[in-house]
Amino acid sequence: MYLTSYALNASAGIKKTISDGSRTTLEKGDAVTFNHLPNQPVAIVVYNNTGNTTPFNVVYNNQVPASYNVDSVQAQGFSLGLAYLINPANTNANEITVSVPDNAQQNASLDVYAVSLFLPLSGIQNQEIPLNGKPVSFNGFSRAYATPPLAWYQQTINSNSTGSIGLYFTNDTIQVIGVNLPKQADTALKNVVINTPDSGMPSEKVTFSLASGNAFISNFYGTSSQIVYSPVSSANTTSNGSIVIQKIS
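Cut-offs and rules
Residues numbered from 1 in each chain as written. Predicted model: local features only at pLDDT ≥ 70, side-chain atom pairs only at ≥ 80, totals over all residues. Heavy atoms only, no water. Helix = DSSP H or I, 4+ residues; strand = E, 2+ residues; numbered from the N terminus. Polar contact = N/O pair within 3.5 Å; in protein donor to acceptor, adjacent residues only side chain to side chain. Contact = heavy atoms within 4.5 Å. Salt bridge = Lys/Arg side-chain N within 4 Å of Asp/Glu carboxyl O. Buried < 20%, exposed > 50% of the residue type's maximum accessible area, 1.4 Å probe, protein only. Phe/Tyr/Trp six-rings, centres within 6.5 Å; stacked < 30°, edge-to-face > 60°. Lys NZ or Arg CZ within 6 Å of the ring centre and 35° of its normal.

Caption draft 1: Structural view of the side chain of T54. If you trace the backbone, T54 turns up in strand 6 (residues 54–59). Within the structure, T54 has its side chain in polar contact with the side chain of N48 (distance 3.5 Å). Not counting residues up to four positions away in its chain, the partners in contact with T54 are N48, Y68, N69, V70, V100, A108 and L110.

Written out as structure tokens, the structure reads:
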């Protein structure tokens, strides 16, 4: 179960505290604090639910809030989310607050959740990836995970005709993977993440990979550690693509 507390402030809207990274919706003046963040890379994923560019603020460690914008669904094309990266193991900040400022448009609406090797525990679809080659589909807000024992595996991330972008978590790294994307794909891929100098995520720990076709194929050696793949595109679709892991030796 997740713990959520609510308080209403006339000028600040709804304030929420969520301890398991679950997805929540923020409107104009609302704020959410994700606490008890694990000491590992975390992506705070933000989706725009409207046709207008919407501002949002991020703050942790009692810093001055940083302001960003997430494009409208139409402008993004793939209904892309933004992923704000942070590693509490390095920042010593085990909570982070995301808010929609009072100067946002009246109908402002964002969906926000935290993804890591352990989060979120609810609020989006969580599926375990079998290691026998059976595909796991991405259905809107989703997260796929596995803990491959010691062996070699082939991993395939497939995309449907609209293309997809996703975050792949292993140990202390995040790989941003684009599959079946159109022109200007490199720019689209890098614009998905916000990685600030004080986020605790060194640039060498955030990599970008672009597949030339409709599948991204890679081999890896399992170490009995969890891996996670979470798409940050096409949140409103019922089938954005799939991930397959097959033991090869």
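Read on, since the account is not over.
Caption draft 2: Local environment of the pattern of salt bridges. Inspection of every chain in the model, using the stated rule, returns two salt bridges. One salt bridge in this structure joins D172 and K205, with 3.0 Å as the shortest N-O distance. Placement of the pair is D172 in the loop between strand 15 (164–170) and strand 16 (173–179) and K205 in the loop between strand 17 (193–194) and strand 18 (206–210), with a sequence separation of 33 residues. Looking at K205, the relative accessible area reads 26%, which means it is partly exposed.

Caption draft 3: Region of interest: the packing of aromatic side chains. The tally for this structure, following the rule as stated, stands at eight aromatic pairs. Note on Y60 and Y84: the rings are 6.3 Å apart at their centroids and 70° apart in plane angle, and the pair reads as edge-to-face. One end of the pair, Y60, is in the loop between strand 6 and strand 7 (66–70); the other, Y84, is in strand 8 (residues 82–86), with 24 residues separating them in the sequence. No difference in accessibility class separates Y60 from Y84, as the two residues are buried. Through a chain of ring-to-ring contacts, the aromatic side chains of F56, Y60, Y68 and Y84 assemble into a single cluster. Over the ring of F141 we find R23, and its NZ or CZ is 3.9 Å from the ring centre. One Lys or Arg, K190, reaches over the ring of F208 and ends 5.9 Å from the middle of that ring.

Caption draft 4: Summary view of unusual backbone geometry. Put simply, L119 and P120 share a cis peptide bond, and its omega is -5°. Position of P120 relative to the elements: it lies in the loop between strand 10 (109–115) and strand 11 (125–128). The phi dihedral of N171 falls on the positive side, at around 50°, and the residue is not glycine. Mapping N171 onto the fold places it in the loop between strand 15 and strand 16.

Just geometry here; none of it tells us what the structure is for.
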